[in-house]
Amino acid sequence: MRDVNGSPLAWVERKALSDKRMLVVRSGPADVLAAADPGAKTVFRVEQHVLLELVEPPVSGWVKVRHRDGALDVD
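Residues numbered from 1 in each chain as written. Predicted model: local features only at pLDDT ≥ 70, side-chain atom pairs only at ≥ 80, totals over all residues. Heavy atoms only, no water.

*Asks:* Tell me about the overall build of the chain, and name the residues and values.
*Replies:* Regarding its fold elements, the chain presents 0 helices and 5 strands. What you see in the chain, going N to C, is helices and strands ordered as β-β-β-β-β. Summarising its shape, the C-alpha atoms of the chain cover approximately 40 × 25 × 20 Å along the three principal directions. Taking as baseline every contact in the chain between residues at least 6 positions apart, the subset at least 24 positions apart corresponds to 41%. Positive and negative charge centroids in the chain, built from 11 and 11 side chains respectively, lie 6 Å apart. (Helix = DSSP H or I, 4+ residues; strand = E, 2+ residues; numbered from the N terminus. Contact = heavy atoms within 4.5 Å. Lys, Arg positive; Asp, Glu negative; His and termini not counted. Charge placed at Lys NZ, Arg CZ, Asp CG, Glu CD.)

Set out below in structure tokens:
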């Protein structure tokens, strides 16, 4: 397994980790939508390498995410 930059990963004890799971946007800009539907309203856009919190597990190829600063307005 490798990290987002392709470097080999190492091991850390579970007790040192948070239960919060984070995702890194691999290609950007990416639209964050209001619903798991390609026709849904764009809530905000994120650039490549932005960190998002995983709110709910994947469902049908979609994941529910949150940005640490909340929803950012779309220009």
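Back to the write-up after that little detour.
*Asks:* Describe a nonpolar patch on the surface, and please don't skip the residues or the numbers.
*Replies:* A cluster of nonpolar side chains, contributed by Val4, Met22, Val24 and Leu51, occupies part of the molecular surface with about 320 Å² of accessible area. By secondary structure assignment, the location of Val24 is in strand S1 (residues 22-24). (Patch = residues over 30% accessible without salt bridge, like charges linked within 9 Å, V, L, I, M, F, W, Y side chains within 5 Å. Areas by Shrake-Rupley, 256 points an atom, 1.4 Å probe, with all protein chains shown as cover. Salt bridge = Lys/Arg side-chain N within 4 Å of Asp/Glu carboxyl O.)

*Asks:* Could you give me a rundown of the environment of Gly61, with the residues and numbers involved?
*Replies:* Relative to the elements of secondary structure, Gly61 occurs in the loop between strand S4 (51-59) and strand S5 (62-66). Owing to a relative accessible area of 77%, Gly61 belongs among the exposed residues under this scheme. Sequence spacing of Gly61 and Ala36 is 25 residues, and the spatial spacing of their C-alpha atoms is 8.7 Å. (Buried < 20%, exposed > 50% of the residue type's maximum accessible area, 1.4 Å probe, protein only.)

*Asks:* Break down the confidence of the model for the chain for me, with residues and values.
*Replies:* Taken over all residues, the pLDDT of the chain has a mean of 85, while the share at 70 or more is 91%. Mean pLDDT in the chain bottoms out at S4, which sits at 90, and peaks at strand S2 (residues 30-33), which reaches 94. (pLDDT = per-residue confidence, 0-100.)

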